[in-house]
Amino acid sequence: MKKLAVMIALASVLAGCDNASGPLSFTPEMASFSNEFDFDPLRGPVKDFTQTLLNEKGEVSKRVTGTMSEEGCFDTLELHDLDANTGVSLVLDANFYVDAETQQQKIKLQGKCQLAELPSAGVTWDTDDNGFIVTAHGKEMEVKYRYDADGYPLGKTTVSGEQHLSVAATPSSDKRKKLDYSAVSLLNDKPLGTVKQSCDYDRHHNPVTCELQIKDESVKPAVERKFTIKNSIDYY
């Protein structure tokens, strides 16, 4: 009986350890940057990562590469849209992100490493008490951002003149698989498109590979496209 009691106590301790090692929440910086720059958020002690979006032919459509400090700040961030032939490489320099090639100041920061202002576009970002970006203001537009209790981005609403664009994401109920989600986009309350994603995950509950399906309902008949996302992630 004594041995059984010890085993039960040990099982309780181990169960407590399992709960303690559950999925980490998304940091304000990771959640806000991913929301603003359109890439999948990651959690845990990420050192550097690359997210590559491949079309159905296996061709690279977009690529995002970032390096992070141990405190969770983005030291560098590269955004490349090969379909649109655009890209930018940002490097942290004091309270700014500067263009890696021209050294031009691109983004002003608030606090240690959170977005504050995009001077060239006249856009400013506001944070809540927890440090998450919740609104963005421009001369003729306003954006409101939403997150769940784990800091996962649930979408945003953009108002510009008479145009009202909303994106609402619904993640998996399994906290370990937040990047398994569906999303709906509406323009002036009319369906614009839907997105559905499912992923395989690593031990940090971050996606390794994902299958992404996008349905464009802005055209008739609607057009469906499929993509694959491949992630390479190094940790501290």
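Everything numeric here is computed off the predicted structure, so don't read it as measured data.

Some thoughts on the pairing of strand E6 (residues 105-110)
Thinking step 1. Taken together, the three bridges between strand E5 (residues 96-99) and E6 define a ladder with antiparallel strand orientation. Bridge assignment links phenylalanine 96 to a residue of E6, and that residue is lysine 108.
Thinking step 2. The loop that links E5 with its antiparallel partner E6 comprises five residues; one of these, glutamine 103, has a positive phi angle of about 65°.
Thinking step 3. Judged from the three bridges that link them, E6 and strand E7 (residues 114-118) form a sheet pairing that is antiparallel. Within E7, the position partnered with leucine 109 by the bridge is leucine 115.
Thinking step 4. In this structure, the hairpin formed by E6 and E7 is closed by a connection of three residues, where glycine 111 is found at a positive phi of approximately 65°.

Observations regarding the state of the cysteines
Two cysteines form a disulfide when their sulfur atoms are joined by a covalent bond.
Thinking step 1. Tallied over the full model, the rule gives two disulfides.
Thinking step 2. The residue that forms a disulfide with cysteine 73 is cysteine 113, at a sulfur-sulfur distance of 2.1 Å. Since a negative S-S torsion denotes a left-handed disulfide, the cysteine 73-cysteine 113 link at about -65° is left-handed. Of this pair, cysteine 73 sits in the loop between strand E2 (60-68) and strand E3 (74-81) while cysteine 113 sits in the loop between E6 and E7, and the two are 40 residues apart along the sequence.

Quick look at the pattern of salt bridges
Thinking step 1. Here the structure, examined in full by the defined rule, presents four salt bridges.
Thinking step 2. Here lysine 178 and aspartate 148 are joined by a salt bridge, their closest N and O atoms 2.5 Å apart. Of the two residues, lysine 178 sits in the loop between strand E12 (163-171) and strand E13 (181-187) while aspartate 148 sits in the loop between strand E10 (141-147) and strand E11 (153-160), which places them 30 residues apart along the sequence.
Thinking step 3. On the basis of relative accessibility, which here comes to 19%, the residue aspartate 148 falls in the buried class.
Thinking step 4. For the salt bridge of aspartate 174 with arginine 176, the shortest nitrogen-to-oxygen distance reads 3.0 Å.
Thinking step 5. Look at aspartate 174 and you get partly exposed, because its relative accessible area is 21%.

Focus on the environment of lysine 215
Thinking step 1. With respect to the helices, strands and loops of the structure, lysine 215 is situated in strand E15 (residues 207-216).
Thinking step 2. The class of lysine 215 is partly exposed, set by a relative accessible area of 32%.
Thinking step 3. Considering only alpha carbons, one finds lysine 215 and histidine 204, 11 residues apart in sequence, at a separation of 30 Å.
Thinking step 4. When near neighbours in sequence (up to four residues on either side) are disregarded, lysine 215 contacts Leu192, Gly193, Thr194, Ala222, Val223 and Glu224.

A closer look at unusual backbone geometry
Thinking step 1. In this structure, the amide linkage connecting lysine 220 to the following residue, proline 221, adopts the cis form with an omega of -5°.
Thinking step 2. Relative to the assigned elements, proline 221 resides in the loop between E15 and strand E16 (223-235).
Thinking step 3. A positive phi is found at asparagine 85, a non-glycine position, where the angle reads about 55°.
Thinking step 4. Residue placement: asparagine 85 occurs in the loop between E3 and strand E4 (86-93).

Brief notes about the side chain of serine 61
Thinking step 1. Mapped onto the secondary structure, serine 61 falls in strand E2.
Thinking step 2. Polar side-chain contacts of serine 61 include one of 3.3 Å to the side chain of aspartate 83.
Thinking step 3. Excluding residues that lie within four positions of it along the chain, serine 61 makes contacts with Leu53, Asn55, His80, Asp81, Leu82, Asp83 and Phe227.

Considerations on the pairing of E11
Thinking step 1. Strand direction decides the pairing type here: E10 and E11, joined by seven bridges, are antiparallel. Bridge pairing in E11 links lysine 144 to threonine 157.
Thinking step 2. In the sheet, E11 pairs with E12 via six bridges, with the strands oriented antiparallel. Bridge pairing links threonine 158 to leucine 165 in E12.
Thinking step 3. Here E11 folds back onto E12, and the loop between the two strands holds two residues, one of which, glycine 161, carries a positive phi near 60°.

Conventions used here
Residues numbered from 1 in each chain as written. Predicted model: local features only at pLDDT ≥ 70, side-chain atom pairs only at ≥ 80, totals over all residues. Heavy atoms only, no water. Pairing = 2+ DSSP bridges. Helix = DSSP H or I, 4+ residues; strand = E, 2+ residues; numbered from the N terminus. Disulfide = S-S within 2.5 Å. Salt bridge = Lys/Arg side-chain N within 4 Å of Asp/Glu carboxyl O. Buried < 20%, exposed > 50% of the residue type's maximum accessible area, 1.4 Å probe, protein only. Contact = heavy atoms within 4.5 Å. Polar contact = N/O pair within 3.5 Å; in protein donor to acceptor, adjacent residues only side chain to side chain.

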